[in-house]
Amino acid sequence: MSAIEVQRQLLPILDSPNQGARFYNPELPSSEPFVPGHRTCAGCGPSIQYRMTSKAAGDNTILIGPTGCMYVANSSYLCTPYNVPWAHTQIGSAGSFTAGVAAAYEAMIRKGKWKGAYPNIICEAGDGSASDIGLASISGALYRNHDCLIICYDNEQYANTGIQASSRTPYGGMTTFSPPGPMVPEAKKLYPKDLARMMAAGHPHCYVATASVGYPIDLMNKVRKGLNHKGAAYLMVYTPCQKGFVYETPRSIDLGRLVVECGLYPIWEWDPEKRQYDYSFRPQNMRPVSEYLKLQGRFGHLHTQHIANLQKFANEQWQMMGVELPEALLQAADAKNLVNMAAAEEAVTVAETV
Amino acid sequence: MATVTESKKRTVRINGCVASAQAAKYADVDVITAYPIRPYTATMMALAQMVANGELDAEYIVADSEHSQLSIAHGAASSGARVFTGSSGVGVQFAYELYSPISGSRMPVQMMIADRTLDPPGDFGSEHTDALSTRDMGWLMGWACDAQEAFDNHLMAYRIGEDPRVLLPQMVCQDGFFVSHITSDVELPDPGQVNEFLPPYKHPYPLDPRHPVSHGPQIMPEQGPPLQLERARAMEDSMAVIEEVHDEFANIFGRRYDPWVEEFMTDGADVVFFMQGGHAVTARFAIQHMRDRGVKVGLVRLRTIRPYPTDRVQEVLSKFKVVGVIETNMGLGSVSSGGVLYAEACAALYESQQRPLVVSFMAGMGGEAIVLKEFYWMTEKMTEAQKRGKIEKRTHWVGFEE
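Residues numbered from 1 in each chain as written. Chains lettered and ligands numbered in written order. Predicted model: local features only at pLDDT ≥ 70, side-chain atom pairs only at ≥ 80, totals over all residues.

The number of helices and strands found in chain A is 13 helices and eight strands. Computed over the C-alpha atoms, the radius of gyration of chain A is 20 Å, within 12% of the 20 Å expected from 2.2 N^0.38 for a compact globule of 354 residues. When the backbone C-alpha atoms are referred to their principal axes, chain A occupies close to 75 × 45 × 40 Å. Looking at the 354 residues of chain A, the share that counts as buried comes to 55%. Across chain A, contacts joining residues at least 24 apart in sequence account for 73% of those joining residues at least 6 apart. (Helix = DSSP H or I, 4+ residues; strand = E, 2+ residues; numbered from the N terminus. Rg over C-alpha atoms; globule rule 2.2 N^0.38 Å. Buried ≥ 20, exposed ≤ 12 C-beta atoms within 10 Å, placed from the backbone. Contact = placed C-beta atoms within 7 Å.)

So this is what it looks like as structure tokens:
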């Protein structure tokens, strides 16, 4: 048996002098593997992410879509927004189906049954798939180190099924499975599963990173780094959902920045060579969590104590990244310095837009 | 007529599990995905060693569950690779979600089943309930009764399932332990014979960046029925292909199987057993013994249960006075309060002008061997029914009655 060597792609990293800044890079790839015309909501964070991700990957790419918004809202029979091969798989099969595609290409190229450079194999799993039902399948794919990129488009809930709580739904987040009421004033009582760190800690040979649609160049570069990494890569991307978060649709990218500026979504990379985290990403500003919360109807019920709890959580995230906290943020972790969300004028305004 | 090269043909003494592994090797599979559960595990152990030895070039993936195993198989087959997987017992059930998506996407994944009783409680013994519970999911399915037949069924199943007129997954089943762990002589063919019989896998619409396709987009309710009808027709159309492939197999390898039912000593028989799998080997012995004593008993062994050979079953079983269905499976609360084979046998016979009496025997349950005296006992029940012109009751739990 004479095995044929598998040729792999190497994608260039986009120039990004200050990744946390607000700027537009005109040198984006022209390729559009994910075209408009699908049925996602206006302002859909996951589909903005999808376009950027597939643009960064280019045309020699295979996309895998476990059940979720990016399955149901994107494709409908005899209509497809994908210019590259795409396959649906079950919601719990994100990592496993992807592993099958990767293994098939390894074997087929090696055995001379398929000729060409190894394709980019990208799985787009929602946070329900990635943090709950498909967690083991993704861990399996990362552990076995198939050459693929698994993306968790994190809209912090099961949105496709009508907004239900997932393991990624934040503390205080209202969903139809975690509604607020006299017995549960804060709605969601549990804090989100620290999924990306779990993946980095458990699979240290993988490239693991977090990103947000608020920073598209950073996102696209992380996609390319993940694809260039020989072996498995995992990327968790903040992708707001206007329907579930209840905000004005033009503000998706704003939220993508605010969530980072408030410290609720730490942006980092895990370097599998050095075996360490890279916390060098810095947003332009640091803000109290209330500035992020007040734009979203899902937090409109929160009391001062709940906001203080979230500020405490955000402060811990900053500290974990080695950031020194300004006095204002330390103050904001004390309930007596805060006002109820329900009393905030902004929350009422936003809630009325729904 | 095929030219048979005898040079590398050899006979080895192996069990059913190893015979299945050998078949996967001869089929030059590209992706293998394993997860341990007794008794089928031995197949994957054998394949792991073949890959480690360099005898077989394949990606060998140890999955994190049976659900993942089948998803990996689905992804790999969707990309154009020939895939081999397998399971037993509750493992078959753990993967249940994937059976319909795989057949619905028309991916000819092959799955080896060494069957096992379902929990509770944990029981290693063989019973056909695991695979039979998936029988309506669009997979071709049938039981082998010995290691040679298992080997042969694997090769034929790939050829049938991958045929562009069929494109359906296949469950190639054998009884746990009675076949999977009992060694017997198996003739391994010359690789040239296999090359002649089994062309390389070529799915018409794989996930290939040079020819982008979308697999499995969401549908509107009215778009569902045409797809389901197509899958149902593929199952029906496979029947002609199955017959064709069995003929060609006989021509190339020299072993001829009836694709649907094996008849054993049915000439002049009044009463027959109707059953699947490895217990048929004991049945043959028991029948020979009873024939020597003048009892007109025979055996009809079902070789393919999906697609169900309705016309053939009707034609064959109508020749007899009494049919005793040996279930080796559980159909709790089913039409006979016994197993699931009874209902289909009766349904196949319904339009017959000469309907035999049909009785169901719950035997071989939990991995118990069906011993000779039980075959004699069941034959007696059938003979009594023949004399009476009426069955005593629909279902007998063998070993629990006088």
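Our next topic: the overall build of chain B. For chain B, the count of helices and strands is 13 helices and 15 strands. For a compact globule of 402 residues, the expected C-alpha radius of gyration is about 21 Å, and chain B comes in at 21 Å, within 12% of that figure. Looking at the 402 residues of chain B, the share that counts as buried comes to 54%. Here the analysis covers contacts within chain B between residues at least 6 apart in sequence; of these, 80% occur between residues at least 24 apart.

Contact residues are listed per partner, giving 44 residues for chain A and 38 residues for chain B. The set of elements that each furnish at least two residues to the side of chain A that touches chain B consists of β1 (61–66), α2 (69–72), β2 (86–89), α3 (94–110) and α5 (135–144) of chain A. The element contributing the most residues to the side of chain A that touches chain B is α3 of chain A, with 13 residues. Split into classes, the residues belonging to the side of chain A that touches chain B amount to 22 nonpolar, 17 polar and five charged. Across two bridges, the pairing between β2 of chain A and strand β9 (residues 214–215) of chain B is parallel. Residue pairing across strands places W86 of chain A opposite S214 of chain B, the latter belonging to β9 of chain B. (Nonpolar A, V, L, I, M, F, W, Y, C, P; charged D, E, K, R; others polar. Pairing = 2+ DSSP bridges.)

Let us now look at the sheet that holds strand β6 (residues 232–238) of chain A. Overall, mixed pairing links the nine strands, which are arranged β8(A)-β7(A)-β5(A)-β6(A)-β4(A)-β3(A)-β1(A)-β2(A)-β9(B) in an open sheet. Two strands lie at the open edges of the sheet, namely β8 (276–278) of chain A together with β9 of chain B, each paired on one side alone. Docked against the sheet, helix α1 (residues 45–57) of chain A engages β1, β3 (120–126), β4 (148–154) and β6 of chain A, running at close to 170° with respect to β3 of chain A. Helix-sheet contacts for helix α6 (residues 195–202) of chain A involve β4, β5 (207–212), β6 and β7 (269–271) of chain A, and the interaxial angle to β5 of chain A is about 165°. (Axes fitted to C-alpha atoms, helices over the stretch in contact; angles between N-to-C directions.)

What follows covers the packing of helix α7 (residues 147–161) of chain B against helix α9 (residues 224–253) of chain B. Residues and elements named next belong to chain B. For the pair α7 and α9, interaxial distance at closest approach is 10 Å and the crossing angle is 130°. By the angle between their directions, the pair α7 and α9 is classed as oblique. Regarding α7 and α9, the two cross each other, and that crossing is right-handed. Judged by residue contacts, D152, M156, R159 and I160 of α7 engage S238, V241, I242, V245, H246 and F249 from α9. (Parallel < 35°, antiparallel > 145°, perpendicular 65-115°, else oblique. Left-handed = near helix turned anticlockwise from the far one by under 90°.)

Below, the discussion takes up helix α11 (residues 310–317) of chain B. For α11 of chain B, the full list of buried residues reads V313, V316 and L317 of chain B. Taken end-on, α11 of chain B shows its buried residues confined to a sector of 85°, consistent with a single buried face. (Arc of directions from axis to C-beta.)

Here the focus is the confidence of the model for chain B. Averaged over every residue, the pLDDT of chain B is 96; residues scoring 70 or more account for 98%. Listed scores for the predicted complex are pTM 0.95 and ipTM 0.95. (pLDDT = per-residue confidence, 0-100.)

Residue and element names in this part refer to chain B. Strand order in the open sheet formed by six strands is β3-β2-β4-β5-β7-β6, with parallel pairing between adjacent strands. Either end of the sheet is taken by a strand with one partner, and the two such strands are β3 (59–62) and β6 (140–144). The mean angle between the axes of side-by-side strands here comes to 20°, regardless of whether they run parallel or antiparallel. The sheet strands contacting helix α1 (residues 16–26) are β2 (31–34), β4 (83–87), β5 (110–115) and β7 (170–175), and the helix crosses β5 at an angle near 175°.

Moving on, we get to unusual backbone geometry. Leave glycine aside and you will find that most residues have negative phi; peptide bonds, for their part, are mostly trans. A cis amide bond links D119 of chain B with the next residue in sequence, P120 of chain B, at an omega value of 0°. Cis geometry marks the peptide bond from R306 of chain B to P307 of chain B, where omega comes out at -5°. For P307 of chain B, the location among the structural elements is in the loop between β12 (297–302) and α11. Here the phi dihedral of R275 of chain A falls at roughly 55°; this positive angle occurs in a residue that is not glycine. With respect to the element layout, R275 of chain A can be found in the loop between β7 and β8. A positive phi angle, near 60°, is found at R106 of chain B, a position not held by glycine. Checked against the element boundaries, R106 of chain B lands in the loop between α5 (99–104) and β5.

A few words on the domain arrangement of chain B. All names here are of chain B. Along its sequence, chain B is carved into domain 1 (10–253) and domain 2 (261–397). The interface of domain 1 with domain 2 comprises 27 residues on the first partner and 20 residues on the second. Breaking the side of domain 1 that touches domain 2 down by element, the ones donating at least two residues are α6 (129–132), β6, β7 and α9. For the side of domain 1 that touches domain 2, the element with the most residues is α9, which contributes five residues. Its residues assigned to classes, the side of domain 1 that touches domain 2 comprises 13 nonpolar, eight polar and six charged. (Domains from an automatic or database assignment.)

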